[in-house]
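# Understanding the architecture of this molecule
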Amino acid sequence: GLANNFLKRFQELGGEAELVAYAPDQPDYSSEVAVLSQKVSSMGADAVLLIAFETDGYNILSHASEDPVLSSIRWLSSEGIYGSPGLLTGDLATFVTKVGLKGARPLPLEKTPLTVKFEAEYFNRTGTKAPSYTHYVYDSVYLAALSILFAGKYDGEAVKNALPVIASKYFGVTGHTLLNDAGDKMYQDYFIWNIQKTDGEYSYTDIGIWRAASDTIEWYESGA
């Protein structure tokens, strides 16, 4: 769905792109990356958007780092690989910084004391920064539990009807959770991140924000 919507929007803006699909959860993607390399060469493409979760994305990027064609263009990513420690070490860290890998991850609408407390507690317990969807999983569990209590019974239809009511009044670690008619959050901004090397250490770094309401990007000083 994300790939198809990107393709549609990119073409509306005058860009040219093609989809190269792959089956998820495979042990190795060397052949798929070879196909991608050939496609990039034949199109004369100057960038790849990788839509993948951590395990698949790590495997794909590992093979891409050994391909001269794919090592000479820009890379973009969905939020699925954000936080992967594998991208911060060795040759792969060198590769993602060389190709200027940029990605997106959901931005809580408001950086509240509750958000800060949650992120600090997550780091204390795991030793890592909270991955992209951790905040949303946390709030989703609370929304589900509160909806069950509000409905007064553990019934799918009753809980579904209760959920929008609860979501319209709930304020969690992701901020307000008001839903639209499709059942998604009414508004959602995104951090833009890359991987930077500072004092010999690689880290995920937020470099800007995409604002949903205005469809614009606000770059930080280290961003664009």
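Here's a quick rundown of the structure. (Residues numbered from 1 in each chain as written. Predicted model: local features only at pLDDT ≥ 70, side-chain atom pairs only at ≥ 80, totals over all residues. Heavy atoms only, no water.)

## A few points about the side chain of Ser 71
Along the polypeptide, Ser 71 turns up in the loop between α3 (54–64) and β2 (74–77). A polar contact of 3.4 Å, which involves the side chain of Ser 71, links it to the backbone oxygen of Ala 64. Within the structure, Ser 71 has its side chain in polar contact with the backbone oxygen of Asp 67 (distance 2.7 Å). In this structure, Ser 71 is in contact with Ala 64, Ser 65, Phe 95, Lys 98 and Val 99, ignoring residues within four places of it in sequence. (Helix = DSSP H or I, 4+ residues; strand = E, 2+ residues; numbered from the N terminus. Polar contact = N/O pair within 3.5 Å; in protein donor to acceptor, adjacent residues only side chain to side chain. Contact = heavy atoms within 4.5 Å.)

## What to know about the sheet that holds strand β6 (residues 189–198)
Pairing within the open sheet is mixed, and its six strands lie in the order β1-β2-β3-β6-β7-β8. Lying at the two open borders of the sheet, with one neighbouring strand each, are β1 (47–50) and β8 (216–219). When the angles between neighbouring strand axes are averaged without regard to direction, this sheet yields 30°. Bridge count between β1 and β2: four bridges; the pairing is parallel. Bridge pairing links Ala 47 to Arg 74 in β2. (Pairing = 2+ DSSP bridges. Axes fitted to C-alpha atoms, helices over the stretch in contact; angles between N-to-C directions.)

## Here we look at the nonpolar core
Judged by nonpolar contacts, the single largest core of 26 residues is most densely connected at Leu 61, Leu 70, Trp 75, Leu 87 and Phe 95. Looking at this core, the elements that each hand over two or more residues are α2 (30–43), β1, α3, α4 (90–98), β6 and β7 (201–211). For this core, the leading source of residues is α4, giving four residues. Contacts of Leu 61, omitting those with residues within four sequence positions, involve Leu 50, Trp 75, Ile 81, Leu 87, Leu 92 and Phe 95. (Core = buried A, V, L, I, M, F, W, Y, C linked by side-chain atoms within 4.5 Å. Buried < 20%, exposed > 50% of the residue type's maximum accessible area, 1.4 Å probe, protein only.)

## Concerning the pattern of salt bridges
Counted according to the given criterion, the structure contains nine salt bridges. The partner of Arg 211 in a salt bridge is Glu 218, with the nearest N and O atoms 3.2 Å apart. For Arg 211, a relative accessible area of 26% puts it in the partly exposed group. Taking the relative accessible area as the measure of exposure, Glu 218 reaches 38% and is therefore partly exposed. (Salt bridge = Lys/Arg side-chain N within 4 Å of Asp/Glu carboxyl O.)

## Some thoughts on the packing of aromatic side chains
For the structure shown, the criterion picks out 11 aromatic pairs. Summarising the aromatic geometry, the rings of Trp 75 and Phe 95 are spaced 6.1 Å apart at their centres and angled 70° between planes, so their arrangement reads as edge-to-face. Of this pair, Trp 75 sits in strand β2 while Phe 95 sits in helix α4; the two residues are 20 residues apart in sequence, bridging distant segments of the chain. Neither Trp 75 nor Phe 95 differs from the other in exposure class; each is buried. By way of ring pairs, the aromatic residues Phe 118, Tyr 122, Tyr 138, Tyr 142 and Tyr 170 are connected into one cluster. (Phe/Tyr/Trp six-rings, centres within 6.5 Å; stacked < 30°, edge-to-face > 60°.)

## Looking at the environment of Ala 23
As for its position among the elements, Ala 23 is in the loop between α1 (2–12) and α2. In this structure Ala 23 comes out as partly exposed when scored by relative accessible area, which is 39%. Along the chain, Ala 23 and Ala 144 lie 121 residues apart, while their C-alpha atoms are 31 Å from each other.

Purely geometric numbers; function is a separate question.
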